[in-house]
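The primary structure of each chain is shown beneath.
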Amino acid sequence: MSRIRGMRGHLASSIAVTCAAALALPLTLSSDAAATPSAAERRTTGNSTPGGTTPGSTQSLPLTPLTPSTPPSSSPSSSPSSPSPGDRTVPPPALAPAQGLARRDVRHFSLVGVVWDDPDSELHGRVQVRTRATGTLKWSAWQDVDTHNHEHAADPDTAERASGRVRGATAPLWVGDSDGVEVRVQGEADGRAGADGRALTAEPLPKGLHVELVDPGAEPPPQGPELNAPPPGVLTAESAAAASAVNAELAPIGATEIPALSRKETRADLLATRGEETDATVTTGTATGAGGTADTVAANANQRAKPYIGARPRIVTRRGWGADEGLRESNFSYTKTVKAVFVHHSASGNNYRCAQAPSVIRSIYRYHVKSSGWRDIGYNFLVDKCGNIYEGRAGGVAKPVMGAHTLGFNSKSMGIAVLGSFGTANPPAASVKAVAKLTAWKLGLYGANPRGKTYLKSGGGNLYRKGKNVRLNVISGHRDGFATACPGGRLYAKLGKARATSARYQGR
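Now for a quick tour of the structure. (Residues numbered from 1 in each chain as written. Predicted model: local features only at pLDDT ≥ 70, side-chain atom pairs only at ≥ 80, totals over all residues. Heavy atoms only, no water.)

### Comments concerning the state of the cysteines
By definition, a disulfide links two cysteine residues through a covalent bond between their sulfur atoms.
Inference 1: In total, this model carries one disulfide according to the counting rule given.
Inference 2: In this model C354 forms its disulfide with C386; the gap between the sulfur atoms is 2.0 Å. On the S-S bond that ties C354 to C386, the torsion sits near 95 degrees, and the link is right-handed. Here C354 is found in the loop between β15 (340–345) and α7 (357–371), whereas its partner C386 is found in the loop between β16 (381–383) and β17 (389–391), with 32 residues between them in sequence. (Disulfide = S-S within 2.5 Å. Helix = DSSP H or I, 4+ residues; strand = E, 2+ residues; numbered from the N terminus.)

### Considerations on empty space enclosed by the protein
Inference 1: Using the criterion set out here, one finds five cavities of 30 Å³ or more in the structure.
Inference 2: Size it by volume and the largest cavity reaches roughly 120 Å³.
Inference 3: Lining the largest cavity are 14 residues, and of these A243, S244, A255, T317 and R319 lie nearest its centre.
Inference 4: Those elements giving two or more residues to the lining of the largest cavity turn out to be α2 (237–245) and α6 (318–321).
Inference 5: Per-element accounting of the lining of the largest cavity gives the leading share, three residues, to α2.
Inference 6: Classifying every residue of the lining of the largest cavity gives six nonpolar, four polar and four charged. (1 Å grid on protein atoms, 1.4 Å probe; cavity = no way out; pocket = protein on both sides within 12 Å on 5 of 7 lines; lining within 4 Å. Points joined across faces, edges and corners; volume = space filled by probe spheres on them. Nonpolar A, V, L, I, M, F, W, Y, C, P; charged D, E, K, R; others polar.)

### Examining the side chain of S348
Inference 1: With respect to the secondary-structure elements, S348 resides in the loop between β15 and α7.
Inference 2: Among the polar contacts made by the side chain of S348, one reaches the side chain of S346 at a distance of 2.6 Å.
Inference 3: In this structure, S348 is in contact with P172, L173, W174, I364, G420 and S421, ignoring residues within four places of it in sequence. (Polar contact = N/O pair within 3.5 Å; in protein donor to acceptor, adjacent residues only side chain to side chain. Contact = heavy atoms within 4.5 Å.)

### Some thoughts on the packing of aromatic side chains
Inference 1: The full count for this structure, using the stated rule, is three aromatic pairs.
Inference 2: Measuring from ring centre to ring centre gives 5.6 Å for W321 and Y365, while their planes differ by 85 degrees; the resulting arrangement is edge-to-face. Of this pair, W321 sits in helix α6 while Y365 sits in helix α7; the two residues are 44 residues apart in sequence, bridging distant segments of the chain. Here W321 and Y365 have matching classes, each one buried.
Inference 3: Judged by centre distance (6.0 Å) and plane angle (40 degrees), the rings of F342 and F409 are tilted. On the criterion of sequence distance, the pair formed by F342 in strand β15 and F409 in the loop between β17 and β18 (413–418) is long-range, its members being 67 residues apart.
Inference 4: Judged by its relative accessible area of 2%, F409 is buried.
Inference 5: Through a chain of ring-to-ring contacts, the aromatic side chains of F342, F409 and Y464 assemble into a single cluster.
Inference 6: The aromatic ring of Y365 is capped on one face by R318, whose charged end is 5.0 Å from the ring centroid. (Phe/Tyr/Trp six-rings, centres within 6.5 Å; stacked < 30°, edge-to-face > 60°. Buried < 20%, exposed > 50% of the residue type's maximum accessible area, 1.4 Å probe, protein only. Lys NZ or Arg CZ within 6 Å of the ring centre and 35° of its normal.)

### Section: the nonpolar core
Inference 1: Counting residues in hydrophobic clusters, the biggest one holds 30 residues, and the most contacted among them are F381 and I416.
Inference 2: For this core, the element with the highest residue contribution is helix α8 (residues 429–445), accounting for six residues.
Inference 3: Not counting chain neighbours up to four residues away, the residues in contact with F381 comprise I315, I389, Y390, E391, G392, V397, M414, G415, I416, A417, L438 and K442.
Inference 4: Judged by nonpolar contacts, the second largest core, of 23 residues, contains V214, L327, Y352 and I377. (Core = buried A, V, L, I, M, F, W, Y, C linked by side-chain atoms within 4.5 Å.)

### Quick notes on the packing of helix α3 (residues 263–274) against α8
Inference 1: Between α3 and α8, whose axes approach to 11 Å, the crossing angle comes to 20 degrees. Comparing the axis directions of α3 and α8 gives the class roughly parallel. You can see that α3 and α8 cross each other, and the crossing is right-handed. Contact residues: α3 offers T266, L270 and R274, while α8 offers W441, G444 and L445.
Inference 2: Looking at the contact of α3 with α8 residue by residue, the classes come out as three nonpolar, two polar and one charged. (Axes fitted to C-alpha atoms, helices over the stretch in contact; angles between N-to-C directions. Parallel < 35°, antiparallel > 145°, perpendicular 65-115°, else oblique. Left-handed = near helix turned anticlockwise from the far one by under 90°.)

### Some points on the pattern of salt bridges
Inference 1: Enumeration over the complete set of coordinates arrives at twelve salt bridges.
Inference 2: In this structure, D376 engages R318 in a salt bridge whose closest nitrogen and oxygen atoms are separated by 3.3 Å. Taken together, the residues span a long stretch of sequence, with D376 in the loop between α7 and β16 and R318 in helix α6 at a distance of 58 residues. Of the two residues, D376 and R318, both sit in the buried class.
Inference 3: Here the salt bridges share partners, and the residues they tie into one network are R318, E325, R328 and D376. (Salt bridge = Lys/Arg side-chain N within 4 Å of Asp/Glu carboxyl O.)

### A short note on unusual backbone geometry
Inference 1: With an omega of 10 degrees, the peptide bond running from C486 to P487 counts as cis.
Inference 2: Take P487: it is sitting in the loop between β21 (475–477) and α9 (489–492).
Inference 3: Although it is not a glycine, A347 sits at a positive phi angle of roughly 60 degrees.
Inference 4: Although it is not a glycine, K412 adopts a positive phi angle of roughly 60 degrees.
Inference 5: The exposure class of K412 is partly exposed, given its relative accessible area of 30%.

Limitation: the analysis is restricted to geometry and does not speak to function.
Next up, the structure:
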């Protein structure tokens, strides 16, 4: 009897341990979901050239529900650099629903994001990814992906928004050259408890969740200013020439950069564009007209001849960063003028080198067009951590190109994205200075004062109703037009300095 009682005690103890362990199990994909993806799952978009090279591609993999399962057991063959069971644990089923993608090998990629079917649905929860560096066994720690990205979009009621191609999307995250990925998406609990004691989520996860793995492709080879021999499959003569021709007054067709000008040269260039004369010719002659004198004519002419405008900065063109002009829509879209600038951060992380910035931009471009369904990259300009300025949406750097950067306020404005995430990290001084230089020039083309205020009519958003005239800083942060964390608290805090510096560059 004592042996039987001992066995019963041992059995009860074992059952208790087993139950406790079951409650603590991590969420992982079911065996079916964790299997190697089918050809349909591994939908890839790209432009393969006749030579077999790929200038860029996107792998789109569906996410599936996460279920409780036994954590991976350690074995002698396990690599020390492989994920530990504790590192792979996600929140318990009390915070369901959850979806994800089991750790797997994939083709090379450098940027990751998550998309879903309905652009009007928001993802209330947390998205995390971990990746494996190409050719190694080293996996990264879990990284958060910014889920609040719907405010970076075309305005309501525009053709771009109503195209039927637009999807909901997180911000893209730059992870560097990788060949392995794992994803988890956790719904947000609202604090209430269900009948079974588990926390309830405020809203279900959006339908059609996919992880997008973007390969920016190889860097374009160095090329001269002429467009006689575009790389096969990357640029067509027609689309590349169109993208370049809109900057023809600033640089030769096919140029990889628009050169910087001095302030004097910039003024002369602006006056020539306006058809006005320069200082040397407008102050001579005798005044005519009602009550005019030579002095007043000279003063008025001198005011015209010295507009408030900063020196044109060096700008890397779309050709310079290797844009595949076959991705975007062929035509350009313009607004009437540029009255304001909205500053953003790309929320793509700070783990990139300046030499990689063109690759980061190509990845964002592809993510905006192929994954999110936009007509082109959303921003008008981008700035890297070294202060380099890049042409964004096609249509001409000096022209009022309609962007898709600040939902509700894309009309009569432009958007500048500083590459990086600046919620807790300080933006580099070179980036803030570049924003000041760019705005001093571009706002000067349209007679706007960087330290001034202006009015824009809202196209609709979560801060201002459609049709409301809103008074804004000429240089505003994204959060001034929409309730969002963008451009990050640290970058937003630098906008006052950017305004003052930009005005000084204009000569104010």
